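The primary structure of each chain is shown beneath.
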Amino acid sequence: MSRIVFAPDSFKGSLGAADAAAALAAGWRSVRPSDDIRLLPMADGGEGTLDAIEAAVAGAHRMPVTVHGPDNRRVDASWLLLPGTEGEPGGVEGGTGVVELGNTSGIQLLDELAPLDAHTLGFGEAIAAALDAGVQCLLLAIGSSGSTDGGAGALVALGASITDAARRPIRLGNRGLGTATRVDLSRLRPVPPGGAVVLSDVTSPLLGPSGAAAVFGPQKGADPAVVEGLESNLARWARLLERAAAPGRVDADAAGAGAAGGTGFGMLAWGATIEAGSRAVGEAVGAREAFAGASLVITGEGRFDDQSRVGKVPSSVLEGAGSVTVALVAGSVAADVDDFALTIALTDLAGSATEAMVDPARWLREAGAQLARDARI
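Being a predicted model, the structure only gives us computed values, none of them experimental. (Residues numbered from 1 in each chain as written. Predicted model: local features only at pLDDT ≥ 70, side-chain atom pairs only at ≥ 80, totals over all residues. Heavy atoms only, no water.)

(A) Seen up close, the overall build of the chain. Each helix and strand in the chain was counted, giving 15 helices and 13 strands. Computed over its C-alpha atoms, the radius of gyration of the chain comes to 21 Å, within 12% of the 21 Å expected for a compact globule of 377 residues. The dimensions of the chain, computed from C-alpha atoms along their principal axes, are 70 × 50 × 35 Å. Residue burial in the chain is summarised as follows: out of 377 residues, 56% are buried. Here the contacts in the chain between residues at least 6 apart in sequence split such that 70% fall between residues at least 24 apart. A total of about 15100 Å² of accessible surface is found on the chain, and carbon and sulfur atoms cover 48% of it. (Helix = DSSP H or I, 4+ residues; strand = E, 2+ residues; numbered from the N terminus. Rg over C-alpha atoms; globule rule 2.2 N^0.38 Å. Buried < 20%, exposed > 50% of the residue type's maximum accessible area, 1.4 Å probe, protein only. Contact = heavy atoms within 4.5 Å. Areas by Shrake-Rupley, 256 points an atom, 1.4 Å probe, with all protein chains shown as cover.)

(B) Looking closely at the packing of aromatic side chains. Scanning the entire structure with this criterion turns up two aromatic pairs. With centroids separated by 6.3 Å and ring planes inclined at 75°, the aromatic side chains of F6 and W28 adopt a geometry described as edge-to-face. Of the two residues, F6 sits in strand β1 (residues 3–6) while W28 sits in helix α1 (residues 17–31), which places them 22 residues apart along the sequence. Taken individually, F6 and W28 each receive the classification buried, so the pair is uniform in this respect. (Phe/Tyr/Trp six-rings, centres within 6.5 Å; stacked < 30°, edge-to-face > 60°.)

(C) Broad picture of the packing of α1 against helix α15 (residues 360–374). Interaxial distance between α1 and α15 falls to 7 Å at its minimum, and their mutual angle equals 45°. Taken as axis vectors, α1 and α15 run oblique relative to one another. The handedness of the crossing between α1 and α15 is right-handed. The residues of α15 that touch α1, namely those facing A20, A23, L24, A26, G27, W28, S30 and V31, are A361, L364, R365, A367, G368, A369, L371, A372 and R373. Of the residues in the contact of α1 with α15, the class split is twelve nonpolar, three polar and two charged. (Axes fitted to C-alpha atoms, helices over the stretch in contact; angles between N-to-C directions. Parallel < 35°, antiparallel > 145°, perpendicular 65-115°, else oblique. Left-handed = near helix turned anticlockwise from the far one by under 90°. Nonpolar A, V, L, I, M, F, W, Y, C, P; charged D, E, K, R; others polar.)

(D) Quick peek at helix α4 (residues 121–132). End to end, α4 covers 16 Å across twelve residues, agreeing with the expected 16 Å (1.5 Å per residue, within 8%). The buried fraction of α4 is high, at nine of twelve residues. Those residues of α4 that fall on the buried side of the exposure criterion are L121, G122, F123, G124, A126, I127, A128, A130 and L131. Trailing α4 by a residue or two, G134 shows a phi angle of about 85°, which is positive. (Expected span 1.5 Å × (residues − 1).)

(E) Inspection of the side chain of D201 at higher detail. For D201, the position within the fold is in the loop between β9 (196–200) and α7 (212–216). Polar contacts involving the side chain of D201 include one to the side chain of K312, which spans 3.5 Å. Beyond its immediate sequence surroundings of up to four residues, D201 is in contact with D44 and K312. (Polar contact = N/O pair within 3.5 Å; in protein donor to acceptor, adjacent residues only side chain to side chain.)

(F) Quick peek at the sheet that holds β1. Spatially, five strands are ordered β2-β1-β11-β12-β13 in an open sheet, and the strand pairing comes out parallel. In this open sheet, the two edge strands, each paired with only one partner strand, are β2 (36–39) and β13 (342–345). With strand direction ignored, the average angle separating the axes of adjacent strands in the sheet is 20°. Pairing analysis gives seven bridges linking strand β11 (residues 296–304) to strand β12 (residues 326–333), with the strands arranged parallel. For V297, the partnering residue across the bridge sits in β12 and is V326. Lying on the sheet, helix α12 (residues 313–321) is in contact with β11 and β12; it crosses β11 at an angle near 160°. The strands that α15 touches are β11, β12 and β13; relative to β13, the one it contacts most, it runs at about 155°. (Pairing = 2+ DSSP bridges.)

(G) Region of the structure containing the pattern of salt bridges. Across all of its chains, the model carries 15 salt bridges by this definition. Between R189 and D132 there is a salt bridge whose closest N-O contact spans 2.9 Å. Taken as a pair, R189 in the loop between β8 (182–184) and β9 and D132 in helix α4 lie far apart in primary sequence, 57 residues in all. According to the relative accessible area criterion, R189 is partly exposed, its value standing at 27%. Here D164 makes a salt bridge to R168, at a shortest N to O gap of 3.2 Å. (Salt bridge = Lys/Arg side-chain N within 4 Å of Asp/Glu carboxyl O.)

(H) Molecular detail of the environment of L131. Its location among the elements puts L131 in helix α4. Linking L131 and P192, residues 61 residues apart in sequence, is a C-alpha distance of 7.0 Å. Ignoring sequence-local partners within four residues, the contact set of L131 consists of L138, L158, R189, P190, P192 and W270.

(I) Main features of the side chain of D44. Among the secondary structure elements, D44 is positioned in the loop between β2 and α2 (49–56). Within the structure, D44 has its side chain in polar contact with the backbone nitrogen of G46 (distance 3.1 Å). Excluding anything up to four places from it in sequence, D44 contacts D9, K12, T49, S200, D201, G277, S278, G311, K312 and V313.

Structure representation (structure tokens):
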């Protein structure tokens, strides 16, 4: 009997990580029903991070919170409270709060894209709720953003004051950054005793051709003229925040500063650090321990491309698995896969990307069954 660990990311736009892992495992069991199966859905700091950690950590507890969504409408969201060192959630004994930007300020919460006006106030409100609960440390998953406000909204929710020339609070969103003249961080709530870690799935700086506006602005509805305005407002924000923050704390060129429309940059000013989301999630769910002694680890994501090799779930699984054999299942493959022992693209199984998207669970089951037949374990 072999031990098989299924550790995929979500197949974005079609299936969550937990459902993807279950479908792959069902296919495997149809061929090899006696194997020891372990489901370990993963995430990279974007959509699905709460689900992945909740599924893997015993005693994790959803904490409901109502916040201002990215367009100011109220949103019923939640954050995740992980147990402390004595098995009790929260408190100073080691409880950890996991807050996901996607379910408080995410792009999917917008009826219409609003690149200049969407904001992260709700993300900050959820962070404040976790602080109120007394968490020892925070994991901040910042993928799936709908805004380009540099994290200004989140900082306001945590106590920052951002005002214009008349000393009036600026409008929320990137548009408001263009009128900002003063930033006061003296009343910011402190980070929890164990610190705050931003989980990012990208390494983009805040500004420039690979920054928040240029790369991700178009995905949020910005045409070239709007992208130019987003960039100008972020540059203004960067100058103000660098002057207001503690010396050396913020750096617009830092890897991940441009993540989530610059939310990474704003969280640096608060006192958080930035890490590769997939690696931090792997640590939170005990991936290395789960991989130890496995005969095979199967990972996957919707599209495996060159970005997948830098901080995404498949690369993190490869790193964490060590000498254990790793197989990859992806919706489509557009990069070198020599590091994986076996690779299956759902588009090849289904015959086209359209067919693969119609019923992804079916094709993941097919992929799991094929791996079970092909794996030499």
